[in-house]
Amino acid sequence: MKKQNIKKIISIISLVAFLSTTIFSSFNAEGYVEAAGKMKKLKSSQYEKMIQGGMTKEETKLLLSYLSYGKRNRSRKQITKSFKEYQDSLLCILFATRLTDDGKFGFKYNIKKVNRLLSSFCGFRFKKNKKYKHAKTDSKHLTFSSSGGGYDSYIVIKSAKYNSKKIEIKYEEHNYLSEHVAGHKFSEGTYKATFKRLKNGKYTLSYIKFLH
């Protein structure tokens, strides 16, 4: 092969390498690194836009405070199974999220609004005109047959990050009653909640892991 042809081939290879590097660098600058796993900080204003069901940051904190107890891991499947048995236990969340039609506290809730909340963390949905273990529905509303218990826990988010595949929220569980008795704040345990991205681009709770 002539030296001239070899030089041309080397020049072509160098050009291809240069273009490849430039193109991929451009992709990264436009956010393609995110797909490769780089995590970004999840801002307070992004919760409602990104989490399935339009969950706000405060609603997410309330939800995680209810689901994080006993210092154990919980999968979406386990959460769904548990909710089927103890529907009335979610009443504390329904109170705080004001899912009644008039925005006031009460025991009568809009089914669509409740199912919106459920879509963020489990596979269970209430159906119209049906009786359940602790509740019943008509064509529009859900009514609980018992008031459920109060809940003393709250969480403190330590970090919240996301990429194109998941949201990870690390947080501490605290207990109002225990802290009141002790006279100071302390953590009951540290957890990590993972939300997986759905085909519609929203994120739904997949797993809660007890860290320590």
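Residues numbered from 1 in each chain as written. Predicted model: local features only at pLDDT ≥ 70, side-chain atom pairs only at ≥ 80, totals over all residues. Heavy atoms only, no water.

(A) Main features of unusual backbone geometry. Despite not being glycine, N129 shows a phi value in the positive range, around 50 degrees. In this structure, N129 sits in the loop between α6 (111-118) and β4 (135-137). (Helix = DSSP H or I, 4+ residues; strand = E, 2+ residues; numbered from the N terminus.)

(B) Spotlight on the packing of aromatic side chains. Taken as a whole and assessed by the stated rule, the structure comprises 5 aromatic pairs. Seen from their ring centres, F124 and F126 are 5.0 Å apart, and the 90 degrees between their planes marks the pair as edge-to-face. The pair F124 / F126 is uniform in exposure class, with both members buried. Ring geometry for Y171 against Y191: centres 5.7 Å apart, planes inclined by 15 degrees, an arrangement best described as stacked. (Phe/Tyr/Trp six-rings, centres within 6.5 Å; stacked < 30°, edge-to-face > 60°. Buried < 20%, exposed > 50% of the residue type's maximum accessible area, 1.4 Å probe, protein only.)

(C) Examining the environment of K40 more closely. For K40, the location among the structural elements is in strand β1 (residues 40-41). Looking at K40, the relative accessible area reads 38%, which means it is partly exposed. It is 5.3 Å that separates the C-alpha atoms of K40 and Y162, two residues lying 122 residues apart in sequence.

(D) Summary view of the pattern of salt bridges. For the coordinates displayed, the defined rule picks out 4 salt bridges. Its salt-bridge partner being E58, residue K61 comes within 3.9 Å of it at the nearest N-O pair. With K61 and E58 both in helix α3 (residues 57-67) and 3 residues apart, this pair spans about one turn of that helix. E58 gets classed as exposed once you look at its relative accessible area, which sits at 52%. Note that E168 and K192 form a salt bridge whose closest N and O atoms lie 3.9 Å from each other. Here K192 lies in strand β8 (residues 189-197) and E168 lies in strand β7 (residues 166-175), a separation of 24 residues in the sequence. The class of E168 is buried, set by a relative accessible area of 19%. A single network of salt bridges, built from pairs that share partners, joins K166, E168 and K192. (Salt bridge = Lys/Arg side-chain N within 4 Å of Asp/Glu carboxyl O.)

(E) Structural detail: the environment of N110. For N110, the position within the fold is in strand β3 (residues 108-110). Note on N110: relative accessible area 10%, which makes it buried. For the pair N110 and T137, spaced 27 residues apart in the sequence, the C-alpha separation amounts to 9.5 Å. A distance of 2.9 Å separates a polar side-chain atom of N110 from the backbone nitrogen of K112. (Polar contact = N/O pair within 3.5 Å; in protein donor to acceptor, adjacent residues only side chain to side chain.)

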